[in-house]
Structure formats: structure tokens, C-alpha cells
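A structural walkthrough
Here's the letter readout for the chains.
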Amino acid sequence: MRRLMLLRHAKTETDAPSGRDQDRRLDDRGRKDAAEMGDWIATHPPAPEMVLVSHAVRARQTWDIAWEAMKDRVAAPEVEILPELYGADPAQILETVRTATVPANPRQLLLVGHNPGMHEAGLMLMGKGDPAGAKALSDNLPTAGLAILDFDVKDWGDVAYRRGRLVLFVSPKLLRQG
């Protein structure tokens, strides 16, 4: 069994001082939401053994803040910053999942990236699972939203579209409502 967690970066400023999209930083709500999701991940094991993060500032900040919230409660994962996750489409995300995990082959993998690719990948990877979560995910993968999918495979190279079981979809907004 392999567990894939897709986390969209948290809420950001509208424009970066540099004018470059990849330099946009988290705003106050984004920082709060990233910490809240880190806390949630720490209290809902299993925690990720490997984390792949887009090189965009907002994705790295999301992971750094989430990790700060969970670091005293879970084992430190292997973390890689991957430029190819910035602007990745579902095919690129799937290829990253299949190849970036070799030879480590972690059981739990977290990706921190961007829409529309992360949202589309979540929908394309999901074959069955939590109906309420599937409906919420079909609408949107909001900032700091987390989709958790399980795959009944021995290694990541066998992950494929429509083969995942959506275990849970959670976001800061859903946590506040629940």
C-alpha cells in the first residue's frame, strides 16, 4: 500500500515585489492555514516519509510552516525541492510520483504544489473512495487543501490514473466547519 498526499500551497499575496509569479509569498491567512494543515497531518498518522515541494516560494513556505507545526511529533521526512512541480500538469505530477521516489520507495509521499495541476491530478488519480470528499474535491482543491489517496501497489512505479482510493479530502475551511 502506498499513500499519496497532495497539498496545494496556502493562500498568497496577489503579486510578488519582483513581479515574478514563482516569487509570490504566503499572506497572513496562508501562514495560519499552512500551520493548521501541518498540525492536522501530525495528528492524523501516518505522516509523510518523503516530501516533494515545488521550488516556488509559496510552496516552500507552505511546507516549512507545516513542518514547523508538526516537527516535534513526527519523524523527519526526506525533502526534495523540485522545479518541475511548478506549473506541472497531471502527467508531469504522475511521472514525478513514479520516478522521484526511486530508490527510497517511501510508503507515504506528500507533494506540495499548485493548481490547476494538483487539482486535476487528484481527480485523475482517484478511482473510488470517500463520496463526500470526492464531491468536495471535484469542486476545487483550495489553497492549503489536502487530498489523501491510497494505492494498492508495492511501489510508486505502479501508481496509475483511476487506481487511487480517496481516503480523505480536508482543507482549513472544512476543518473550521467541522
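Residues numbered from 1 in each chain as written. Predicted model: local features only at pLDDT ≥ 70, side-chain atom pairs only at ≥ 80, totals over all residues. Heavy atoms only, no water.

1. Topic: helix α1 (residues 28–43)
The cut-off we apply is this: Helix and strand assignments follow DSSP, with helices taken as H or I runs no shorter than four residues and strands as E runs no shorter than two, numbered in order from the N terminus. In a helix, the anticipated span is given by 1.5 Å times the number of residues less one. Any residue under 20% of the maximum accessible area for its type is buried, any over 50% is exposed, and the rest in between are partly exposed; the area is computed with a 1.4 Å probe on protein chains only. Throughout, a contact is declared for two residues whenever any of their heavy atoms are within 4.5 Å.
Taking 1.5 Å of rise per residue, 16 residues should cover 22 Å, and α1 covers 23 Å from first to last C-alpha, within 8% of that figure. When we look at burial in α1, the residues that qualify are G30, D33, A34, M37, G38, W40, I41 and A42. Lining the buried residues of α1 we find α2 (57–70), β6 (146–151), β7 (164–170) and α6 (172–177).

2. Overview of α2
With 14 residues, α2 should cover 20 Å at 1.5 Å per step; its first-to-last C-alpha distance of 20 Å lies within 8% of that length. Here α2 lies mainly inside the structure; ten of its 14 residues are buried. Of all the residues in α2, the buried ones are V57, R58, A59, Q61, T62, W63, I65, A66, W67 and M70. In the core, the buried residues of α2 are packed alongside β1 (2–8), α1, β2 (50–54), β3 (78–82) and β4 (108–113).

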